[in-house]
Amino acid sequence: MRIEHIILTVTLNAAIDKRYVVNNFKTGEVNRVKECTYVPGGKGLNVSKPASIYGAEVTATGFVGGYAGAYIENALKPFGIKSAFYHVAAESRSCINIWDEVNKVQTEFLEPGFTLTEEDFAGFEEKFCNLVKEAKVVAMSGSVPKGLDGTAYQRLIKIVKEAGIPVILDTSGKLLEMGIEAAPTMIKPNIDEIRMLTGKKCDNIQDIIDAAKEIHAKGVEIVAVSLGADGSLAVGNGGIFRALVPRINAVNTVGCGDSMIAGFALGLSRRLSLPETMKLASAISAAAAMREETGFFVMEDMEKLLPQIEVTKL
């Protein structure tokens, strides 16, 4: 049963994620690939998939181009995700992850992708304004293509806020620093990012809470900080909450943060309280860690975990 609340995800730098499994990877030599998988990638698309699996109506936007862009759009169809990308002439990028089964070492090659012009972005903004009218929540994630900077997220956040819709921003570095100046509804920094934003050491829970409160006071309604295996905490208008997750058999933690964003987007679209939203987001994220495929979880796993998530008010 689908939830008729449209979640609009924004992936400005979408890619094809290619995973190569090899035995004893050697540089400067021919390496035979044992198995390979191709999936549509980019942080926003790793938010789209779990939200759609849960039952939300999801529309994915951003930039795609060429044959690679057509593949990204087609590969989203089995998930029931509606594509509403802005098309450019250049090819979308690929990101290659090489997993060496013998040495248990991962090597990544991340293509830079195409360069966008101001004209491209202005065209996208026009399309985005129309998409926002149909949305209940907007989640923006990841890096931006060459030609754009942190003002791109500022401009998009402004459009969403003017429409009176909650907007989540999940990015890093200068993009996050500049993005929060536009006061998105929610951000989800990790420890390193919250240190960067506040200059605090954040070596203990109280430091992290103080840092999150500082950002909250500047107009970000929800500051959720991921603590890895130690769960998460969030500062919101209703107070400070800590979520603890049970021990699980983690198979793949890549993209679990994106799955958590999907949970927060679902909670905001359903107008759940912050503790209820944290519980849902934590359960989806933990369930995603139990599966090999990135940005994927099984509802049965999530439903078993949900009652085991403890959320307490600090």
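Refer to the structure printed above.
Computed from a predicted structure; not experimentally measured.

**Q** Any chance you could explain helix α8 (residues 256–269) here in plain terms?
**A** Note that an α-helix has 3.6 residues per turn; residues three or four places apart therefore point the same way. The terminal C-alpha atoms of α8, which comprises 14 residues, lie 20 Å apart, in line with the 20 Å expected from a rise of 1.5 Å per residue. By the criterion of burial, α8 is predominantly enclosed, with 13 of the 14 residues buried.

**Q** What exactly am I supposed to notice about the nonpolar core here?
**A** In a soluble, globular protein the nonpolar side chains are often hidden away together inside. In this structure, I168, F264 and M302 are the most contacted members of the largest nonpolar core, which totals 47 residues. By residue number, the principal contributor to this core is helix α9 (residues 274–289), which donates ten residues. Once residues within four sequence positions are removed from consideration, M302 is found in contact with Y54, L280, A283, I284, A287 and F297. Among the nonpolar cores identified, the runner-up in size contains 46 residues, and F121, V138, L176 and I180 belong to it.

**Q** Would you mind going over the packing of aromatic side chains with me for this structure?
**A** Aromatic rings in a pair are described by how distant their centres are and how their planes are angled relative to each other. A complete count under the given rule lists four aromatic pairs for this structure. Pairing F63 with Y86 gives two aromatic rings, centres 5.7 Å apart and planes at 75°, and the pair type is edge-to-face. Highlighted residues: F63 in strand β4 (residues 56–65) and Y86 in strand β6 (residues 86–88), separated in sequence by 23 residues. Measuring from centroid to centroid gives 4.9 Å for F63 and F124, while their planes differ by 40°, and the two rings are tilted. Residue F63 is located in strand β4, and its partner F124 is located in helix α3 (residues 118–132); the two are separated by 61 residues in the primary sequence. Residue classification places F124 among the buried residues on the basis of a relative accessible area of 0%.

**Q** Would you mind showing me how to read the packing of helix α6 (residues 191–198) against helix α7 (residues 205–217) here?
**A** Between two packed helices, what matters for the description is the angle formed by their axes and the separation of those axes. Direction vectors running N to C along α6 and α7 enclose 55°, while the axes themselves pass 10 Å from each other. Judged by the angle between their axes, α6 and α7 are oblique. In terms of crossing hand, the pair formed by α6 and α7 is left-handed. Counting all contacts with α6, which are made through I191, I194, L197 and T198, the residues of α7 involved are I208, A211, A212, E214 and I215. Each residue belonging to the contact of α6 with α7 can be placed in one class, and the counts come to seven nonpolar, one polar and one charged.

**Q** Quick question: what am I supposed to make of the pairing of strand β10 (residues 167–170) here?
**A** Looking along a regular strand, one sees side chains alternate from face to face of the sheet. Side chains of β10 alternate between two faces, with V167 and L169 and I168 and D170 buried alike. The sheet contact formed by strand β9 (residues 137–141) and β10 spans four bridges and is parallel. Its bridge partner lying in β10, M140 is registered against L169. You can see the chain leave β9, run along helix α4 (residues 150–162) and come back into β10, and the turn it takes is right-handed. Relative to strand β11 (residues 186–187), β10 is paired through two bridges, and the arrangement is parallel. Paired with L169 across the two strands is I187, which belongs to β11. Viewed along the sheet, the connection from β10 through helix α5 (residues 173–179) into β11 turns out right-handed.

Cut-offs applied
- Residues numbered from 1 in each chain as written.
- Predicted model: local features only at pLDDT ≥ 70, side-chain atom pairs only at ≥ 80, totals over all residues.
- Heavy atoms only, no water.
- Helix = DSSP H or I, 4+ residues; strand = E, 2+ residues; numbered from the N terminus.
- Expected span 1.5 Å × (residues − 1).
- Buried < 20%, exposed > 50% of the residue type's maximum accessible area, 1.4 Å probe, protein only.
- Core = buried A, V, L, I, M, F, W, Y, C linked by side-chain atoms within 4.5 Å.
- Contact = heavy atoms within 4.5 Å.
- Phe/Tyr/Trp six-rings, centres within 6.5 Å; stacked < 30°, edge-to-face > 60°.
- Axes fitted to C-alpha atoms, helices over the stretch in contact; angles between N-to-C directions.
- Parallel < 35°, antiparallel > 145°, perpendicular 65-115°, else oblique.
- Left-handed = near helix turned anticlockwise from the far one by under 90°.
- Nonpolar A, V, L, I, M, F, W, Y, C, P; charged D, E, K, R; others polar.
- Pairing = 2+ DSSP bridges.
- Right-handed = clockwise from strand over helix to strand, strands pointing away.

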